[in-house]
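# Architecture and fold: a report
Okay, here's what each chain looks like letter by letter:
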Amino acid sequence: VALPALLTVAAFLFLERLGPGGVPGLPGVQSQTKVVALPTTGVGFDDVAGIQEAKAELLEIVDFLKSPARYAKLGARIPKGVLLTGPPGTGQ
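Description of the structure in this document. (Residues numbered from 1 in each chain as written. Predicted model: local features only at pLDDT ≥ 70, side-chain atom pairs only at ≥ 80, totals over all residues. Heavy atoms only, no water.)

When helices and strands are counted, the protein shows 3 helices and 0 strands. The helix and strand sequence of the protein, counted from the amino end, reads α-α-α. Relative to its full complement of 92 residues, the protein shows a buried share of 3%. (Helix = DSSP H or I, 4+ residues; strand = E, 2+ residues; numbered from the N terminus. Buried < 20%, exposed > 50% of the residue type's maximum accessible area, 1.4 Å probe, protein only.)

Below you can see the structure in the form of structure tokens.
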């Protein structure tokens, strides 16, 4: 009974000596990942040329994500994902 407990304590002491970022996914071990904030582009829906129906559908999705309570009254559910299609370089 003492041997497994001793091995467990030894493993935790070893991992603690590795320091921050030593083993990913363990509690108490910090990651060295840096958060990079991208500058805003300033491009809105009015600046995008394209099919008006597609823009209207996308605006509806954005509105749903901003105020889901309004759509929940009608029985709508949160979408699992949105499939955007188009030629390469169009910014799906």
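Together, Leu3, Leu6 and Leu7 make up a nonpolar patch on the protein surface, roughly 340 Å² of accessible area in all. Its location among the elements puts Leu6 in helix H1 (residues 2-18). (Patch = residues over 30% accessible without salt bridge, like charges linked within 9 Å, V, L, I, M, F, W, Y side chains within 5 Å. Areas by Shrake-Rupley, 256 points an atom, 1.4 Å probe, with all protein chains shown as cover. Salt bridge = Lys/Arg side-chain N within 4 Å of Asp/Glu carboxyl O.)

The subject of this paragraph is the pattern of salt bridges. Counted by the stated rule, this structure contains 1 salt bridge. With its nearest N and O atoms 2.4 Å apart, the salt bridge here joins Asp63 to Arg70. Residue class for Arg70 comes out partly exposed when judged on its relative accessible area of 49%.

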